[in-house]
Amino acid sequence: MSERTPVPIGTAESAFDRRRRLFGVMFAWLCGAATLVGVAALVVLLVDVLIDGLPRLDVQLLTSFASRFPERAGVRAALAGSIWLLVLTAVISFPVSVAAAIYLEEYAPKGWITKVIQTNIANLAGVPSIVYGILGLALFVRAMGLDRSILSGALTLSLLVMPVIIMASQEAIRAVPPTIREAAYGLGATRWQVVSYQVLPMAFPGILTGTILALSRAVGETAPLILVGAVGFVAFTPRGIMDQFTVLPLQIYSWISRPQDEFRELAAAGIIVLLLLLLTMNAAAIILRNRALARR
Amino acid sequence: MATVYGIDLGGRGPALQARGLSVYYGEKHAVQNVDLEIPANQVVALIGPSGCGKSTLLRCFNRMNDLVKTARVDGTVDFHGQNLYASGIDPVEVRRRIGMVFQKPNPFPKSIYDNVAFGPRMNGLDGDLDATVEESLRRAALWDEVSDRLDDSAYALSGGQQQRLCIARTLAVKPEIVLMDEPASALDPIATQRIEELIYELKRDYTIVIVTHNMQQAARISDYTAFLYMGQLIEYGPTETIFTNPREKRTEDYVTGRFG
Ligand SMILES: Nc1ncnc2c1ncn2[C@@H]1O[C@H](COP(=O)(O)OP(=O)(O)OP(=O)(O)O)[C@@H](O)[C@H]1O
Ligand SMILES: [Mg+2]
């Protein structure tokens, strides 16, 4: 039997121990630096926009329509258009995408057809948005005769965001532990009951996050909307889904492309409004998600 | 007259009867051509070394293997004279009438109450739900510990409490047969004893098939014991015979702990 000399903790660090400790510290710093790059870029952008735009950010900006005179111009039509489009896009794309995700995860037979569909959805998520604009122009505006309406825009944006929402929802559904499904099936629940009472509630926070991210991208889209007929100068707020419309990014773009400095400030103020809209959306998502998580 | 291995069952007949049962996971032949009769209102223990196919066999009895994409089941399991694997049999009804407690506790991320109430609700049995929940929790020896916090999350319970919750949840559906996969492996001796008493009591109304690694437990609670080894049913008979006078050398080695 061999004697063991007692060694206090922390006194016998080998070269290997030192190396892995050092590596750990370096890794943490590297990740921190990477985070900083993103945050720094965001801060610079924000400060720049705030300096230019804050002086112009007032109630008048929100209540006025576009105008040739910068001091009288506002984002009213564009903000209303963006919100209309956002809500309508969410209403169209969310149920369809979630249903598609449920089908693909829970019902679809695991054959080659499903694989082909799956691959196509992944590919669609990577198609440039302008291509969706062309499709929207041909399909919704022309073939279906929906004209240059909010509905055409929302349908086009729905096509754009659906692949992303479907994939995020599938991911969230897949993350529900199989033991939960087993437990529910084992108690004599039908597939529909397992999905609606157990799987969906558990997947909901993830689905919500994916949806909000996708919709945030949609709110910032310009190119496909120009194709389906959003115009830079609209002097009324839409009353229905068949009305003409403009959106914030387009309004901002049309102001930035003017030579006068006043319009550049106006554009900066418009960007702040757009950012606030995005922040509100994300806050709503976080609240909804926390509420869903708290119900466990 | 129905008999199992020469033992008179008093005309009760088998609750489950497996014939030529085989399960494949892809190429792997996990359960091989098993014939097994589960007498009604008795406790049958499945024993055998880890990986020998006990869970797989148990899951055949309520068609849980349907949920495993790679699994394929051959052979028949008769329940009230009907083959559970015949076409036209709805696995949902099978699972309602033949309940299961899983090897690892798997409560839903919901309140304690909702966990127990889930089965009755899904099956439209919610007559007096409160009473059903209380009775089920009492039978699973959990009521005293949770009666004042039924609205707490089931995840806040300890592992052993979660397992008893899962037992209560299964009982709440009032199945005819209860399949238990090592229900006591995460429990302390006191809770284990309560579960064993519960099993003894349940016998009056239910048929029970239980997987266990604990030889003393199998000897204490079961009327019949089946010894499985590498996917094959080596020996099956009255528990006393299996433990005191088995026919097979391998059975004797296993139950006496000389297996190796
Ligand atoms: N889903 C699966 N896919 C592939 N093989 C599996 C699967 N489940 C089980 N097996 C294999 O089938 C065999 C029997 O497994 P089973 O879970 O029935 O064993 P067990 O007797 O319950 O073991 P334990 O006592 O450890 O729970 C094992 O060799 C296992 O590796
Ligand atoms: Mg097992």
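All values reported here derive from a predicted model rather than from experimental measurement.

(A) Structural detail: the overall build of chain B. When helices and strands are tallied, chain B shows 10 helices and 12 strands. Over its C-alpha trace chain B gives a radius of gyration of 18 Å, about what one expects of a compact globule, namely 18 Å for 260 residues. Seen through its C-alpha atoms, chain B measures out along the principal axes to roughly 50 × 45 × 40 Å. At a minimum sequence separation of 6, the contacts of chain B that also span at least 24 residues come to 67%.

(B) The arrangement of the overall build of chain A in detail. The secondary structure content of chain A amounts to 11 helices and zero strands. Mapped from its N terminus to its C terminus, chain A presents α and β elements in the order α-α-α-α-α-α-α-α-α-α-α. Its C-alpha atoms give chain A a radius of gyration of 25 Å, clearly above 19 Å, the size a compact globule of 296 residues would have. If one aligns the C-alpha atoms of chain A with their principal axes, the spans along those axes are about 95 × 55 × 35 Å. Out of the 296 residues in chain A, the part that is buried amounts to 41%. The contacts of chain A with a sequence gap of at least 6 include a subset with a gap of at least 24, amounting to 73%. About 16,600 Å² of surface is accessible on chain A, with carbon and sulfur atoms providing 69% of the total. Computing the positive centroid from 24 side-chain charges and the negative centroid from 17, chain A places the two 6 Å apart.

(C) Layout of the interface of chain B and chain A. Opposite the 24 residues of chain B that make contact, chain A presents 17 residues. Carbon and sulfur atoms supply 67% of the area that chain B and chain A bury against each other, a total of about 1,800 Å² over both sides. Among the residues of chain B in contact with chain A, Pro109, Phe118 and Met122 of chain B are the three that bury the most area, contributing 30% of the side total. Here chain B is connected to chain A by one salt bridge. Between Glu182 of chain A and Arg59 of chain B there is a salt bridge, with the nearest N and O atoms lying 2.8 Å from each other. At the junction of chain B and chain A, the tally comes to five residue pairs in polar contact (both at pLDDT 80 or more). Broken down by secondary-structure element, the contributors of at least two residues to the side of chain B that touches chain A are α2 (91-97), β8 (98-101), α3 (112-122) and α6 (159-172) of chain B.

(D) Focus on the pattern of salt bridges. Under the definition given, this model contains 26 salt bridges over all chains. For Arg18 of chain A, the salt bridge identified is with Glu13 of chain A, shortest N-O distance 3.8 Å. Since its relative accessible area comes to 44%, Arg18 of chain A is described here as partly exposed. Salt-bridge contacts for Arg139 of chain B lead to Glu201 of chain B; the nearest nitrogen and oxygen are separated by 3.5 Å.

(E) Inspection of the coordination of the magnesium ion (ligand 2) at higher detail. All names here are of chain B. The protein atoms that coordinate the magnesium ion (ligand 2) are Ser55 (OG) and Gln103 (OE1), at distances of 1.9 to 2.5 Å. Taken as a pair, Ser55 in helix α1 (residues 54-60) and Gln103 in the loop between β8 and α3 lie far apart in primary sequence, 48 residues in all. Taking the relative accessible area as the measure of exposure, Gln103 reaches 36% and is therefore partly exposed.

(F) Here's a closer look at the site of ligand 1. Residue and element names in this part refer to chain B. In the vicinity of ligand 1 lie 14 residues, with Ser50, Lys54, Ser55, Thr56 and His213 positioned nearest. Measuring from an oxygen atom of ligand 1, one finds a side-chain N or O atom of Ser50 at 2.5 Å. Contacts to ligand 1 include Gly53, whose backbone N or O atom sits 3.0 Å from an oxygen atom. Protein chains bury 66% of the 630 Å² of accessible surface belonging to ligand 1 in isolation. Going through the elements one at a time, β4 (28-39) and α1 are the ones with two or more residues in the shell around ligand 1. Among the elements that take part in the shell around ligand 1, α1 stands out by supplying three residues, more than any other.

(G) Summary view of the sheet that holds strand β11 (residues 224-229) of chain B. Residues and elements named next belong to chain B. Within the open sheet, the six strands sit side by side as β8-β9-β10-β5-β11-β12. Their pairing is mixed. Strands at the two margins of the open sheet, each flanked by one partner only, are β8 and β12 (232-238). Each neighbouring strand pair of the sheet contributes to a mean axis angle of 15°, computed without reference to strand direction. Bridge count for β11 against β12 is six bridges, and the pairing is antiparallel. By the bridge assignment for β12, Phe227 is matched with Glu235.

(H) Here's a closer look at the pairing of strand β6 (residues 71-79) of chain B. Residues and elements named next belong to chain B. Pairing geometry for strand β3 (residues 14-25) and β6, over seven bridges, is antiparallel. In the strand pairing of β6, Ser22 is matched with Asp74. Sheet analysis places β6 next to strand β7 (residues 82-83), joined by two bridges and oriented antiparallel. Paired with Phe79 across the strands is Gln82, a residue of β7. Between β6 and β7, which pair antiparallel and follow one another directly, the connecting turn spans two residues, one of which, His80, has a positive phi of 50°.

(I) Spotlight on the sheet that holds β6 of chain B. Read from one edge of the open sheet, four strands run β4-β3-β6-β7 (chain B), paired in antiparallel fashion. The sheet terminates laterally at β4 and β7 of chain B, the two strands that pair on one side only.

(J) Quick look at the pairing of β11 of chain B. Among the six residues in β11 of chain B, five count as buried, and that is most of the element. Counted along the chain from β11 of chain B to the antiparallel partner β12 of chain B, the turn is two residues long, and its residue Met230 of chain B has a positive phi close to 50°.

About the thresholds
- Residues numbered from 1 in each chain as written.
- Chains lettered and ligands numbered in written order.
- Predicted model: local features only at pLDDT ≥ 70, side-chain atom pairs only at ≥ 80, totals over all residues.
- Heavy atoms only, no water.
- Helix = DSSP H or I, 4+ residues; strand = E, 2+ residues; numbered from the N terminus.
- Rg over C-alpha atoms; globule rule 2.2 N^0.38 Å.
- Contact = heavy atoms within 4.5 Å.
- Buried < 20%, exposed > 50% of the residue type's maximum accessible area, 1.4 Å probe, protein only.
- Areas by Shrake-Rupley, 256 points an atom, 1.4 Å probe, with all protein chains shown as cover.
- Lys, Arg positive; Asp, Glu negative; His and termini not counted.
- Charge placed at Lys NZ, Arg CZ, Asp CG, Glu CD.
- Buried area = accessible area lost by both parts, 1.4 Å probe.
- Salt bridge = Lys/Arg side-chain N within 4 Å of Asp/Glu carboxyl O.
- Polar contact = N/O pair within 3.5 Å; in protein donor to acceptor, adjacent residues only side chain to side chain.
- Donors = N, O, S within 2.8 Å, 3.2 Å for Na, K, Ca; no water.
- Near = heavy atom within 4 Å.
- Pairing = 2+ DSSP bridges.
- Axes fitted to C-alpha atoms, helices over the stretch in contact; angles between N-to-C directions.

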